[in-house]
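Architecture at a glance
One-letter residues, chain by chain:
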Amino acid sequence: MPGPYRETDLTEKVEAFLSDLKRGGSGTGPLRGSAETARETTALLRRITAQVRWSSAGDLMEVIRKEGRRMSAAQPSETTVGNMIRRVLKIIREEYARSRGSSEEADQQESLHKLLTSGGLSEENFRQYFTALKANVIEAINELLTELEGTTDNIAMQALEHIHSNEVIMTIGRSRTVEAFLKDAARKRKFHVIVAECAPFCQGHEMATSLSKDGIETTVITDAAIFAVMSRVNKVIIGTQTVLANGGLRAVNGTHTLALAAKHHSTPLIVCAPMFKLSPQFPNEEDTFHKFVSPHEVLPFTEGEILSKVNVHCPVFDYVPPELITLFISNIGGHAPSYIYRLMSELYHPEDHEL
Amino acid sequence: MQIEGKELTKEEKQRLRKEKKQQKKGKEKKDASLPQVSVAETAAPASQLKAERRARQEAERTSKQSKKGDTGQPATTSKPKIPPNELQPGTQNTWSDHPHHMLYLIKQWLSPEIFFFQIPRRLDYGYKVSLFSHLLQYSRKAPLTQQLSIPSAVIHPAIVRLGLQYSQGIVAGSNARSIALLHAFKQVISDYTTPSNEELSRDLVNKLKPYISFLNQCRPLSASMGNAIKYIKKEISNIPSQFKEDDAKKKLLNCIECFIEEKIVLAAKAIAKSSIEKINDGDVILVYGCSSLVNHILCEAFEKGRKFRVIVVDSRPRLEGREALRRLVQKGISCTYVLISAVSYILPEVSKVFLGAHALLANGYVMSRVGTSQIALVAKAFNVPVLVCCETYKFCERVQTDSFVSNELDDPDDLIVTRKGETQLKDWQQVPRLGLLNLVYDVTPPDFVDLVITDLGMIPCTSVPVVLRVKNVDLL
């Protein structure tokens with residue numbers, strides 16, 4: 001029977017993905033970019049939709065939520081997984097609403113007016129069965145996948161609107177989005193890039209070699225020199241790991257210092273982030289989402305006896321408050337940080353914020 | 001150059017003539033020392049340097065013994081890594097024993113060039129970032145003394161050793177460098193003899209000029225060293241002309257001792273005393289890099305019984321914080337260690353920031369190790385008080401508003417790192433548009449600094465020109 005085979009095949013794929021996530025986060029497995037993770041998650045969700053037996057939208061959402069919880073728990077710092085799951089859940093809701101015939105906006109948000117007039121009819125349990133629902137959902141997920149394919153190019157296309165000639169641009173660490181952005185601008189403009197190396201992982205080195213091979217004048221500086229050279233920098237362009245719901249960032253460590261230095265010199269700080277990095281989480285306390293890796297990167301074991309007497313920290317991420325950010329550039333255009341909450345409401349349904 | 005390796009100067013020539021007149025007895029005709037010296041010339045520069053030093057030491061020894069009792073042993077610098085000169089065992093022969101030969105050599109080799117020896121310019125290394133192309137950038141692997149041999153006739157061996165120690169980073173830190181410089185100058189002064197037609201006060205100052213330019217080529221002078229040199233020059237030129245040479249030298253050595261004692265050692269004690277009032281029990285103190293003064297303060301406070309813990313922030317490529325960490329842990333202070341990129345993570349725990357300074361500029365800016373201004377910036381954003389500790393001899397009359405115009409560029413190869421078996425920047429020289437920037441200093445604006453603790457008391461950053469003015473009035 002094809003059914004069980006497909007199901008075991010599916011569970012295998014899910015398990016493989018989960019173990020990849022777990023290994024990737026600790027730095028030992030293959031490092032994957034966020035775009036790749038997003039794509040794989042979406043592909044996996046499409047497979048689940050296609051292969052798991054479900055009768056109504058509610059069932060499907062339950063299954064996806066369950067799998068989604070497991071996937072998020074495998075690597076909590078990898079928020080793109082959770083974001084994709086919420087996107088797919090929203091797709092399912094929309095398709096269901098369309099199949100039912102009601103307009104999308106009516107079911108969208110709870111408003112005071114609706115609460116008073118409808119009086120509880122906004123309860124939706126997604127129990128109706130529609131034959132075309134499966135096909136519609138899969139088609140919508142395919143559209144989502146196509147959108148994901150094109151995010152980097154969409155962002156890179158906007159580069160010429162933001163970079164003029166003879167500029168000095170500063171960036172930190174390695175972001176594939178920023179790399180594509182700068183390379184696209186370099187085809188028509190001449191400018192200079194300063195890369196902060198971002199110890200201890202020193203990913204800035206890779207970024208610098210890659211940019212200089214494309215003909216961009218690049219300089220590598222140490223993290224300690226960020227404030228010293230900031231007075232000659234015209235723009236700061238960075239990538240990020242996650243965009244939080246209040247417009248703040250969770251980015252690689254050292255970004256907060258960079259943002260403070262840019263603010264001090266009134267240098268605009270531009271964040272290139274595709275929409276799948278937008279997460280409905282709010283930052284509640286500064287340390288609730290910190291991730292640490294082995295302190296061996298900071299103080300190697302060769303240092304000897306002092307290791308047992310010293311605390312060593314090696315945080316991976318930094319929180320940057322939205323007041324320090326000037327502009328977000330995403331695949332759907334540029335926005336101010338104060339607009340992020342609105343975009344979030346378009347992408348995710350409020351009931352899905354908690355998986 | 002024909003005059004390579006010649007150990008004779010005008011003073012020695014004079015001394016030898018005197019000895020020739022004094023010694024009428026027969027001498028041993030062993031020419032052992034001479035050929036040894038000439039053989040050493042053809043050997044590698046390092047051993048040549050040693051042979052020169054050896055031979056010169058012998059000459060000094062015998063000349064001193066012939067005049068009067070030997071007073072000065074060569075003063076050791078604070079961190080001697082090169083072993084002290086070894087004397088050839090048992091030989092009594094020096095050039096003073098062979099005056100005829102000496103005279104011949106003197107006549108043959110003495111030429112005007114030896115007195116107008118120009119210190120050759122050290123070559124720049126690697127691609128320089130355009131914003132800093134007015135500064136010099138050297139490689140640590142090619143020190144000045146390897147590119148040519150410095151005849152010890154022109155540069156005193158103690159100065160050569162000091163220059164090497166500076167360029168290799170063996171002596172680092174503004175206090176250590178100043179103390180090493182002063183010790184080397186003590187050695188130079190005690191070995192100095194006034195030529196017959198010259199005055200000590202003028203000639204010695206002229207003698208110091210090539211030394212200073214040599215040291216500058218090895219590593220640009222720091223502000224503290226500049227102030228120390230100014231002080232010495234002033235003292236030398238103030239020697240009254242009726243002083244006998246030995247008295248003058250004794251006075252100068254005494255002055256240098258006083259300078260070190262007052263301005264560095266006692267100042268540290270005074271600063272430690274005032275800083276301890278600022279450290280309370282339960283404090284979490286953040287320090288950056290390795291400042292001898294700040295370490296001293298923390299150790300003193302710990303000994304006095306204050307309960308606090310320290311967070312040491314470090315940065316690549318120098319990683320000086322590890323040295324500070326070792327010293328503090330040895331004392332028993334509980335420490336945490338992070339890199340500078342994690343400073344905004346760790347700062348909410350911190351109650352005070354103690355920073356050391358390389359120099360304090362007359363417009364109130366603090367010149368210090370690169371990264372200090374960043375720490376002060378983030379501390380300000382988190383409302384944590386920033387205290388800078390600095391002795392008054394580091395106050396400088398220069399003014400600077402950014403870190404570009406006058407700075408020091410270190411070896412760019414230091415930025416290269418190998419992680420997980422891959423060295424990304426290994427061939428950075430081949431890539432045409434890639435530059436590595438290794439800055440050494442940066443300036444912190446005075447609005448980031450809350451207090452400056454000096455040996456004259458606790459002053460705000462803006463009072464630095466007042467202190468300078470008071471100091472200058474004193475010196476007059």
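Residues numbered from 1 in each chain as written. Chains lettered and ligands numbered in written order. Predicted model: local features only at pLDDT ≥ 70, side-chain atom pairs only at ≥ 80, totals over all residues. Heavy atoms only, no water.

As annotated in an unreviewed UniProt entry, chain B carries the name Translation initiation factor eIF2B subunit delta and is attributed to Gouania willdenowi. UniProt's Sequence similarities (unreviewed entry) comment on chain B is quoted here verbatim: "Belongs to the eIF-2B alpha/beta/delta subunits family." (UniProt positions renumbered as here; feature names shortened; annotations may be inferred.)

Looking at an unreviewed UniProt entry, one finds chain A named Translation initiation factor eIF2B subunit beta, with Gouania willdenowi as its source organism. Its UniProt record gives chain A a comment under Subcellular location (unreviewed entry), which states: "Cytoplasm, Cytosol".

With respect to the overall build of chain B
When helices and strands are counted, chain B shows 15 helices and 13 strands. With 476 residues in all, chain B has 54% of them scored as buried. Across chain B, the fraction of contacts at a sequence separation of at least 24, relative to all contacts at a separation of at least 6, is 81%. (Helix = DSSP H or I, 4+ residues; strand = E, 2+ residues; numbered from the N terminus. Buried < 20%, exposed > 50% of the residue type's maximum accessible area, 1.4 Å probe, protein only. Contact = heavy atoms within 4.5 Å.)

Here we look at the overall build of chain A
Counting its secondary structure elements, chain A contains 13 helices and 11 strands. Within chain A, the proportion of its 355 residues that are buried is 56%. For chain A, contacts bridging at least 24 residues in sequence account for 80% of all contacts bridging at least 6. Accessible area of chain A: about 15,600 Å², with a carbon and sulfur share of 51%. (Areas by Shrake-Rupley, 256 points an atom, 1.4 Å probe, with all protein chains shown as cover.)

Points about the packing of helix 7 (residues 174-191) of chain B against helix 9 (residues 223-237) of chain B
Residues and elements named next belong to chain B. At a minimum axis separation of 9 Å, helix 7 and helix 9 run at an interaxial angle of 30°. As the angle between them shows, helix 7 and helix 9 are arranged roughly parallel. Seen from above, helix 7 lies across helix 9 with right-handed handedness. Contact residues: Ser174, Arg177, Ser178, Leu181, Leu182 and Phe185 in helix 7; Ser224, Met225, Ala228, Ile229 and Ile232 in helix 9. (Axes fitted to C-alpha atoms, helices over the stretch in contact; angles between N-to-C directions. Parallel < 35°, antiparallel > 145°, perpendicular 65-115°, else oblique. Left-handed = near helix turned anticlockwise from the far one by under 90°.)

Quick word on the sheet that holds strand 7 (residues 269-272) of chain A
Read across the sheet, 8 strands follow the order 11(A)-10(A)-7(A)-4(A)-1(A)-2(A)-3(A)-10(B) without closing on themselves; strand pairing throughout is mixed. In the strand order of this sheet, the two ends are held by strand 11 (333-335) of chain A together with strand 10 (434-436) of chain B, each with one partner. Adjacent strand axes in the sheet meet at a mean angle of 25° when their direction is disregarded. Judged from the 5 bridges that link them, strand 2 (residues 192-196) of chain A and strand 3 (residues 217-221) of chain A form a sheet pairing that is parallel. Note that in strand 3 of chain A the partner of A:Ile194 across the bridge is A:Thr219. Lying over the sheet, helix 10 (residues 204-213) of chain A contacts strand 1 (168-172), strand 2 and strand 3 of chain A together with strand 10 of chain B, oriented at roughly 160° with respect to strand 2 of chain A. (Pairing = 2+ DSSP bridges.)

Quick word on the interface of chain B and chain A
Opposite the 51 residues of chain B that make contact, chain A presents 51 residues. Summed over the shared surface of chain B and chain A, the number is 3 salt bridges. Linking B:Arg419 and A:Glu297 is a salt bridge whose minimum nitrogen-to-oxygen distance equals 2.3 Å. Scanning the region where chain B abuts chain A turns up 21 residue pairs in polar contact (both at pLDDT 80 or more). Elements supplying a minimum of two residues to the side of chain B that touches chain A: helix 12 (321-331), strand 3 (335-339), helix 13 (343-346), helix 14 (372-381) and strand 10 of chain B. (Salt bridge = Lys/Arg side-chain N within 4 Å of Asp/Glu carboxyl O. Polar contact = N/O pair within 3.5 Å; in protein donor to acceptor, adjacent residues only side chain to side chain.)

Focus on the sheet that holds strand 2 (residues 308-314) of chain B
The strand order across the open sheet formed by 8 strands is 8(A)-3(B)-2(B)-1(B)-4(B)-7(B)-12(B)-13(B), and the pairing between neighbours is mixed. Each end of this open sheet is capped by a strand with a single partner; those strands are strand 8 (310-312) of chain A together with strand 13 (457-459) of chain B. Looking at each pair of strands side by side, their axes are set apart by 25° on average, direction ignored. Relative to strand 3 of chain B, strand 2 of chain B is paired through 5 bridges, and the arrangement is parallel. Pairing of B:Asp314 across the sheet is with B:Leu339, part of strand 3 of chain B.

With respect to the packing of aromatic side chains
This structure, assessed with the given rule, holds 6 aromatic pairs over all chains. Relative to B:Phe308, the ring of B:Phe302 has its centre 6.3 Å away and its plane inclined at 85°; by these criteria the two rings are edge-to-face. By relative accessible area, which is 30% here, B:Phe302 ends up partly exposed. An aromatic cluster is present here, built from B:Tyr231, B:Phe259 and B:Tyr393 joined pairwise through their rings. For the cation-ring pair, A:Arg250 lies above A:Phe317, with the distance from its terminal atom to the ring centre recorded as 5.9 Å. When the ring centre of B:Tyr166 is taken as origin, the NZ or CZ atom of B:Arg177, which lies over that ring, is 5.3 Å away. (Phe/Tyr/Trp six-rings, centres within 6.5 Å; stacked < 30°, edge-to-face > 60°. Lys NZ or Arg CZ within 6 Å of the ring centre and 35° of its normal.)

Considerations on the packing of helix 10 (residues 245-278) of chain B against helix 11 (residues 292-303) of chain B
Residues and elements named next belong to chain B. At a minimum axis separation of 9 Å, helix 10 and helix 11 run at an interaxial angle of 55°. Here helix 11 runs oblique to helix 10, going by the angle between their axes. As for how helix 10 packs across helix 11, the hand of that crossing is right-handed. Where helix 10 abuts helix 11, its residues Ala268, Lys269, Ile271, Ala272, Ser275 and Ile276 lie against Leu293, His296, Ile297, Glu300 and Ala301. Class assignment of the residues belonging to the contact of helix 10 with helix 11 gives a composition of 7 nonpolar, 2 polar and 2 charged. (Nonpolar A, V, L, I, M, F, W, Y, C, P; charged D, E, K, R; others polar.)

A few points about the state of the cysteines
According to the stated counting rule, one finds 0 disulfides over all chains in the structure shown. In this structure A:Cys272 is not part of a disulfide, and its nearest cysteine sulfur, from A:Cys198, lies 17 Å away. (Disulfide = S-S within 2.5 Å.)

Let's talk about the pairing of strand 10 (residues 327-330) of chain A
Residues and elements named next belong to chain A. Taken together, the 3 bridges between strand 7 and strand 10 define a ladder with parallel strand orientation. By the bridge assignment, Val271 is partnered in strand 10 with Phe328. Bridging between strand 10 and strand 11 involves 3 bridges; their strand directions are antiparallel. Across the sheet, the residue bridging to Ile329 is Gly334, located in strand 11.

Let's talk about the pattern of salt bridges
Residues and elements named next belong to chain A. For the structure on display, the rule yields 37 salt bridges over all chains. Across the pair Lys13 and Asp9 runs a salt bridge, and its minimum N-O distance is 3.9 Å. Of this pair, Lys13 and Asp9 both sit in helix 1 (residues 2-26), 4 residues apart, which is roughly one turn of that helix. Given a relative accessible area of 35%, Lys13 falls into the partly exposed group. Overall, the relative accessible area of 29% leaves Asp9 in the partly exposed class.

Describing the side chain of B:Asn438
Residues and elements named next belong to chain B. Looking at the element boundaries, Asn438 is found in the loop between strand 10 and strand 11 (441-444). Take Asn438: its relative accessible area is 3%, and that puts it in the buried class. If near-sequence neighbours (up to four positions away) are discounted, Asn438 is found in contact with Pro317, Glu408, Leu409, Asp410, Asp411, Pro412 and Asp414.

Looking at the confidence of the model for chain B
All names here are of chain B. Of the residues in chain B, 74% have a pLDDT of 70 or more, and the chain-wide mean is 80. Low confidence marks residues 111-115, where pLDDT is under 50. Its contacts with residues over four positions away, or in another chain, come to 8 contacts. With pTM at 0.81, the complex prediction returns an ipTM value of 0.87. (pLDDT = per-residue confidence, 0-100.)

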